[in-house]
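Okay, here's what each chain looks like letter by letter:
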Amino acid sequence: GTLEVEGGWFRCWQTFTNAAGLTRLFAGSIFELRAGGLVAGGVLEGDGLVVGAVTNSAVVSPGRPLGRLTIDGNYIQTAAGTLAIDLGGVATNLYDRLQITNTSRSATLAGTVRATLVDDFMPVSNDVFTVLTVAPGTRSGTFSSLAHRSFLAMTAEYTATNASLRVTNVAPAPMLRAPAMAWIPISASVTGER
């Protein structure tokens, strides 16, 4: 099923497990996980604030569709987990970001980061998207794989406090629509007919 936190404060006293379905946080909402949370299946998405530790073994997707999901707690992404990032531009408000906040918090990475282009956005070489920030905590581990469109070449780059995606090459985009055709009559004088 679906759990939506549309505003205000939603507190879970026991360990929260998203076994399947969708957990969606709207901007301005707070989802407090007193005993931590496990995304074991389905998707955790949105623009709200999660207070508590999160372990991702399925999909975490910041934004609705573009935006920032904030976790005030440790974030662990397992080998089975995916961080789903939508890219709609190079400005920070035009692509998804996962932000881990508060002193002594950390992000431990594994699994996949999946980049999807939205809103007809086409990046160019050397565009950089900082998709995960841990401030003032630390990041450890790296994503095992990076999924993206076949006509893009991307790499993941890391510092002690963030993870970024860099576009290294863009092949010509596949044609999404057939070109418009128009018949233009050729006059008899051009073809040599009399």
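Draft legend 1. Quick peek at unusual backbone geometry. With an omega of 5°, the peptide bond running from arginine 64 to proline 65 counts as cis. Positionally, proline 65 belongs in the loop between strand S10 (59-62) and strand S11 (68-72). With omega at 5°, the peptide bond leading from alanine 135 into proline 136 counts as cis. Along the polypeptide, proline 136 turns up in the loop between strand S17 (128-135) and strand S18 (138-141). Although it is not a glycine, aspartate 120 sits at a positive phi angle of roughly 60°. Along the chain, aspartate 120 turns up in the loop between strand S16 (112-117) and S17. On the basis of relative accessible area, aspartate 120 is assigned to the exposed category, the value being 80%. Residue asparagine 126 is not a glycine yet carries a positive backbone phi of 75°. On the secondary structure map, asparagine 126 appears in the loop between S16 and S17. Given a relative accessible area of 55%, asparagine 126 falls into the exposed group.

Draft legend 2. Structural detail: the pairing of S16. Direction of pairing for strand S13 (residues 82-87) relative to S16: parallel, over a ladder of six bridges. Counterpart to leucine 87 in the pairing with S16 is leucine 117. With three bridges joining them, S16 and strand S19 (residues 145-147) adopt parallel strand pairing. Residue pairing for S19: valine 113 is matched across the bridge by leucine 146.

Draft legend 3. Quick look at the pairing of strand S21 (residues 162-170). Bridging between S17 and S21 involves five bridges; their strand directions are antiparallel. Its bridge partner being in S21, leucine 132 is matched across the sheet by alanine 163. Strand direction decides the pairing type here: strand S20 (residues 152-158) and S21, joined by seven bridges, are antiparallel. Bridging across to S21, threonine 155 finds its partner in arginine 166. From the end of S20 to the start of S21, which pair antiparallel, there are three residues.

Conventions we followed
Residues numbered from 1 in each chain as written. Predicted model: local features only at pLDDT ≥ 70, side-chain atom pairs only at ≥ 80, totals over all residues. Heavy atoms only, no water. Helix = DSSP H or I, 4+ residues; strand = E, 2+ residues; numbered from the N terminus. Buried < 20%, exposed > 50% of the residue type's maximum accessible area, 1.4 Å probe, protein only. Pairing = 2+ DSSP bridges.

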